[in-house]
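Commentary on secondary and tertiary structure
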Amino acid sequence: MIRMEQVSKTFQTAAGTVQAVKDVNLHIREGEVFGIIGFSGAGKSTLVRCINLLERPTTGHVMIDGLDLTTLAEKQLREERRKIGMIFQHFNLLRSRTVYQNIAFPLKKSSLSTEEKHKKILALLELVGLSEKKDAYPSQLSGGQKQRVAIARALANDPKVLLCDEATSALDPQTTKSILNLLRKVNETLKITIVIITHEMSVVKDICDRVAIMEHGIVVEEGTTENVFVHPREKVTRDFISTAGNVDKIYELIQQGNELTRLQPGEKMLMLTYSANNAGEPLISYLKEAFDITANIIYGNIDILKGKAIGKLVVTLSGTPENMEKAIAYIGEHKVEMEVIAQ
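Note that the structure is predicted; figures quoted are calculated from it, not measured.

So, how was this worked out
- Here the residue index of a chain counts from 1 through its sequence in written order.
- Totals for whole chains, interfaces and linings use all residues, but because this is a predicted model, local features are given only for residues with pLDDT of at least 70 and pairs of side-chain atoms are given and counted only at 80 or more.
- Side-chain metrics in this entry use all non-hydrogen atoms of the structure; hydrogen atoms and water are not considered.
- Comment: elements are numbered from the N terminus, with helices defined as DSSP H or I runs of at least four residues and strands as E runs of at least two.
- Residue contacts are defined here by distance: any two heavy atoms, one from each residue, within 4.5 Å place the two residues in contact.
- Surface accessibility in these figures is a Shrake-Rupley result with a 1.4 Å probe; residues are shielded only by whichever protein chains are displayed.
- Note that His is not counted, nor are the chain ends; the positive residues are Lys and Arg, and the negative ones are Asp and Glu.
- Charge coordinates come from a single atom per side chain, which is NZ of Lys, CZ of Arg, CG of Asp or CD of Glu.
- Any two strands with at least two DSSP-identified bridges between them are counted as paired.
- For every element, the axis is a line fit to its C-alpha atoms; helices are fit only across the contacting stretch, and the angle between N-to-C directions ranges from 0 to 180 degrees.
- By definition, no residue in a patch forms a salt bridge, and every one has over 30% relative accessible area; like charges are joined within 9 Å, nonpolar side chains (Val, Leu, Ile, Met, Phe, Trp, Tyr) within 5 Å.
- A side-chain nitrogen of Lys or Arg and a carboxyl oxygen of Asp or Glu constitute a salt bridge if their distance falls within 4 Å.
- The rule is simple: take the accessible area with a 1.4 Å probe, protein chains only, and divide by the maximum for that residue type; under 20% is buried, over 50% is exposed, in between is partly exposed.
- In this scheme, a helix's expected span is set at 1.5 Å multiplied by one less than its residue total.
- This arc is taken over the directions from the axis of the helix to the C-beta atoms.
- Definition of nonpolar core: a set of buried residues of the types Ala, Val, Leu, Ile, Met, Phe, Trp, Tyr and Cys, connected through side-chain atoms within 4.5 Å.
- For this analysis, a polar contact is any N or O atom pair within 3.5 Å, provided that within protein one partner can donate a hydrogen and the other can accept it, and provided that sequence-adjacent residues contribute only side-chain to side-chain pairs.
- Stacked, tilted and edge-to-face are the three classes assigned to paired rings of Phe, Tyr and Trp, where Trp is represented by its six-membered ring and a pair needs centres within 6.5 Å; plane angles under 30 degrees give stacked, over 60 edge-to-face, the rest tilted.
- Our definition puts a charge over a ring when NZ of Lys or CZ of Arg is within 6 Å of the ring centre and also within 35 degrees of the ring normal.

Some details on the overall build of the protein
A tally of regular secondary structure across the protein gives twelve helices and 14 strands. Taking all contacts inside the protein whose residues are at least 6 apart in sequence as the whole, residues at least 24 apart take part in 68%. Of the accessible surface of the protein, which amounts to about 17,000 Å², a share of 48% is contributed by carbon and sulfur atoms. Across the protein, the 43 positively charged side chains and the 42 negatively charged ones have centroids separated by 9 Å.

Overview of the sheet that holds strand β13 (residues 308–318)
Taken in spatial order, the four strands make up an open sheet running β12-β13-β11-β14, and their pairing is antiparallel. Since the sheet does not close on itself, it has two edges, and those belong to β12 (294–305) and β14 (337–342), each with one partner. Neighbour-to-neighbour, the strand axes of the sheet open up by a mean angle of 20 degrees, direction not taken into account. Relative to β13, β12 runs antiparallel, the two being bridged by eleven bridges. Counted as the bridge partner of Ile304 is Ala309 from β13. Packing against the sheet, helix α12 (residues 321–333) makes contact with β11 (268–274), β13 and β14, and its axis sits at approximately 15 degrees to β11.

Observations concerning a positive patch on the surface
There is a patch of like positive charges on the surface, built from Lys75, Arg78, Arg97, Lys108 and Lys109. For Lys75, a relative accessible area of 68% puts it in the exposed group.

Quick notes on α12
With 13 residues, α12 ought to run about 18 Å at 1.5 Å a step, and its terminal C-alpha atoms sit 19 Å apart, in line with that. Burial in α12 covers these residues: Asn323, Met324, Ala327, Ile328, Tyr330 and Ile331. Seen from one end, α12 has its buried residues packed into an arc of 155 degrees, which puts them on one side. Opposite the packed face of α12, turned more than 90 degrees from it, sit the exposed residues Pro321, Glu322, Glu325 and Glu333. Against β11, α11 (283–291), β13 and β14 lie the buried residues of α12. Residue Lys335 follows α12 closely and has a positive phi angle near 55 degrees.

What to know about the nonpolar core
Ranked by internal contacts, the top residues of the largest apolar core, which has 50 residues, are Ile151 and Leu183. When residues of this core are assigned to their parent elements, the largest contribution, six residues, is made by helix α5 (residues 143–155). Those residues within four positions of Ile151 in sequence are excluded, and the remaining contacts are Ile87, Val128, Ile179, Leu182, Leu183 and Val186. The next biggest cluster of nonpolar side chains, apart from the first, holds 30 residues, and it includes Val21, Ile84, Val161 and Met214.

Concerning α5
Between the first and last C-alpha of α5 there are 19 Å, a value that for 13 residues agrees with the 18 Å anticipated at 1.5 Å per step. Judged by how many residues are buried, α5 sits mostly within the fold: eleven of 13 residues are covered. Next to the buried residues of α5 lie β6 (84–88), α3 (99–104), α4 (114–127), β7 (161–165) and α6 (173–190).

What to know about the pattern of salt bridges
Following the criterion strictly, the structure yields 15 salt bridges and no others. A salt bridge links Lys44 to Glu166; the nearest nitrogen and oxygen atoms lie 3.8 Å apart. Here the residue Lys44 occupies a position in helix α1 (residues 44–51), and Glu166 occupies one in the loop between β7 and α6, the gap between them amounting to 122 residues. You can call Glu166 buried: its relative accessible area is 9%. Between Glu80 and Lys83 there is a salt bridge; the shortest N-O distance is 3.3 Å. Classification of Glu80 as buried rests on a relative accessible area of 17%.

Here we look at the side chain of Arg210
Tracing the chain through its elements places Arg210 in strand β9 (residues 210–215). Classification of Arg210 by relative accessible area gives buried; the value is 8%. Only 2.7 Å separates the side chain of Arg210 from the backbone oxygen of His27, close enough to count as a polar contact.

Comments concerning the packing of aromatic side chains
The full count for this structure, using the stated rule, is four aromatic pairs. Measuring from ring centre to ring centre gives 4.0 Å for Phe39 and Phe240, while their planes differ by 10 degrees; the resulting arrangement is stacked. Taken as a pair, Phe39 in the loop between β3 (33–37) and α1 and Phe240 in helix α9 (residues 235–244) lie far apart in primary sequence, 201 residues in all. For Phe240, a relative accessible area of 1% translates into the label buried. Members of the aromatic cluster, joined through ring pairs, are Tyr286, Phe291 and Tyr330. The cationic tip of Lys9 hangs over the ring face of Phe11; the distance from NZ or CZ to the ring centre is 5.2 Å.

Some points on the environment of Val149
Position of Val149 relative to the elements: it lies in helix α5. C-alpha separation for the pair Val149 and Phe91, spaced 58 residues apart in sequence, amounts to 8.3 Å. Excluding anything up to four places from it in sequence, Val149 contacts Leu93, Val99, Asn102, Ile103, Leu130 and Leu141.

The analysis is restricted to geometry; functional conclusions fall outside its scope.
So this is what it looks like as structure tokens:
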């Protein structure tokens, strides 16, 4: 649905040239929820604004459903932008208009009849759960309700793509979850391709099929959300994952000599990473039964990625050297990623 080929964006500032996006290549499939994540200044918001050419790329091409937007005249581009909805961190609602009127605004130049527009607006209000708020003004709404109005407005022209630029950053955790559930419903019900820009790994974890990680304007890593969580390659990716769960704090405890991490002679401490394929296996209990190994779980967490369980466990193993070697080999055979972090 979306192809970005060698996209770069350069700005001229008083301090000199700033390259916000550098040679990005992304292919986003029809109907998927794709996350783009990065810390502040990584270039992710500039990149998403290049998708609908709110920021015209300095170099490169952007194709939506096979059409290269960078080759279009301004009038054609405006027409194509109607097929790309967008929601923002601060909602961007028209304060002097009701909820109904805000959703109606993109339909001003629509060929629909007045009755058809009315039916569409009521259907969108029902979709986002705000039918009873149609005559309210933005000042009378909560942050979550304002974002629901913004989502309904973005869907008014039946877009193929919905761009979400930090759409949950101004919301509390509970409201964030409700908005993500709504976006998931929109994706599944309307089959719209959704691109989510965020600096929160928890957002990616909850909703995204695939994810790209940006740093200094470059996409440094990309893959399925599960694979990126289980097998992160880059330091920035590992840093993001550690913000979504605190299991990596074990390394700090080891450095501090914390009592929890002190080992007896011959013991080993392992970090085990489970994927969705092996998270349900009773691995730890089997080690005791098969190899006479004591496995003590001292730290860990389980994450749910779109209904799939993945997680990390930190365990200490004790037993004879021979049995320990057999147990570690058994763990490897079951494709559980393993790191000896202390011994």
